[in-house]
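# Structure at a glance
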Amino acid sequence: MTDDDLPELRASDTDRERVAERLREAVAEGRLDMEEFEERLDAAYKARTYGELEPLTRDLPATTGPAPSPIAPAASGSWAARLGGEPTSNGAVAIMAGFQRKGVWTAPRRFTAFAFWGGGEIDLREANFAERETVINCIAIMGGVNVIVPPGVEVVVRGFGLMGGFDSREDGVPGEPGAPRVVVTGFAFWGGVGVTRKETRARRQAAREERRQARLEKRNNDGKELD
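Throughout what follows, the structure given in this document is the object of discussion. None of these values were measured; they are calculated from a predicted model. (Residues numbered from 1 in each chain as written. Predicted model: local features only at pLDDT ≥ 70, side-chain atom pairs only at ≥ 80, totals over all residues. Heavy atoms only, no water.)

This part takes up the overall build of the chain. On a plain count of helices and strands, the chain comes out with 4 helices and 13 strands. In the chain, which comprises 227 residues, the share counted as buried stands at 38%. Considering only contacts in the chain between residues 6 or more positions apart, those separated by 24 or more positions represent 66%. When the accessible surface of the chain is totalled, it reaches about 13,100 Å², and 52% of it is carbon and sulfur. (Helix = DSSP H or I, 4+ residues; strand = E, 2+ residues; numbered from the N terminus. Buried < 20%, exposed > 50% of the residue type's maximum accessible area, 1.4 Å probe, protein only. Contact = heavy atoms within 4.5 Å. Areas by Shrake-Rupley, 256 points an atom, 1.4 Å probe, with all protein chains shown as cover.)

Set out below in structure tokens:
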């Protein structure tokens, strides 16, 4: 394979995430403003080849890490199957009531949740993601919104609370390679926004069954040794 062939190679999810991380560093360094950062980040997650990724960081100083190299598709795990598609919901409102977004649905690039004297739940455990990064903007006034994410997803919490609060326990927990990034932002006044990480009920039941089978197998093996 020659260098001339490289731009035509298909980029992996890990390659796109590597470029996105360099863009985030450039914002922190003051090399990009937010508007240009958002334009390049959007282009990075839509890029299909190395040739489309390379111009996005061409005018940025190289990092000290190794140069990007092709990554096998398997590195992205099962997350690749959950990326892409048309959003099925862009927002939810609860006024003296409640809302739920759960089950199999496609989260958009930006989802806005508003709760006034009410509550809402945004469950991403079985969701697909229209793009790699999803921003959930929560406005909770004398109410609450709970965001549930599955294990492996990176979570960033940037919300602000006035006589209220944002749960930041999951903030900064590294995600798995190829996993989506969920940014929870917004405002809470006399209310709260929670972020929790949970397995689906089906996975919890499967894990319990695996543990039960393991105990039975160990018990049977111990019985054979006594015989």
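Now for the environment of Pro180. Tracing the backbone shows Pro180 in the loop between strand E11 (165–166) and strand E12 (181–189). The class of Pro180 is buried, set by a relative accessible area of 0%. Distance from Pro180 to Glu17, taken between C-alpha atoms, is 9.6 Å for residues 163 residues apart in sequence. Those residues in contact with Pro180 that sit more than four places away from it in its chain are Trp79, Leu83, Phe129, Arg132, Val153 and Glu154.

The next point concerns the nonpolar core. Note on soluble globular proteins: their nonpolar side chains tend to be buried together. Within the largest apolar cluster, 29 residues are counted, with the highest numbers of intra-cluster contacts made by Ile122, Leu124, Ile136, Val147 and Val184. Of all the secondary structure elements, the ones that give two or more residues to this core are strand E1 (91–95), strand E4 (110–116), strand E7 (133–141), strand E8 (144–149), strand E9 (154–157), E12 and strand E13 (192–197). Dropping the residues within four chain positions of it, Ile122 is found in contact with Phe99, Arg101, Trp105, Phe111, Ala113, Ile136, Val145, Asn146, Val147 and Ile148. Membership of the second largest hydrophobic core comes to 14 residues, among which are Leu23, Ala26, Leu53 and Leu56. (Core = buried A, V, L, I, M, F, W, Y, C linked by side-chain atoms within 4.5 Å.)

Not every positive phi belongs to a glycine, and Trp117 is a case in point at roughly 55°. Residue placement: Trp117 occurs in the loop between E4 and strand E5 (119–123). Judged by its relative accessible area of 49%, Trp117 falls in the partly exposed class. If you check the backbone angles, Met142 has positive phi at about 50° while not being a glycine. Positionally, Met142 belongs in the loop between E7 and E8. Met142 gets classed as partly exposed once you look at its relative accessible area, which sits at 29%.

What follows is about the pattern of salt bridges. The tally for this structure, following the rule as stated, stands at 11 salt bridges. Across the salt bridge formed by Arg22 and Glu25, the nearest N and O atoms sit 3.3 Å from each other. Taken as a pair, Arg22 and Glu25 lie in helix H1 (residues 13–29) at a separation of 3 residues, close to a single helical turn. The class for Arg22 is buried, based on a relative accessible area of 11%. With its nearest N and O atoms 3.2 Å apart, the salt bridge here joins Arg109 to Asp42. (Salt bridge = Lys/Arg side-chain N within 4 Å of Asp/Glu carboxyl O.)

On E4, burial follows the alternation: Phe111, Ala113 and Ala115 on one face are buried, whereas Arg110, Thr112, Phe114 and Phe116 on the facing-out side are not. Sheet analysis places E4 next to E7, joined by 7 bridges and oriented parallel. In the strand pairing of E7, Ala113 is matched with Cys138. (Pairing = 2+ DSSP bridges.)

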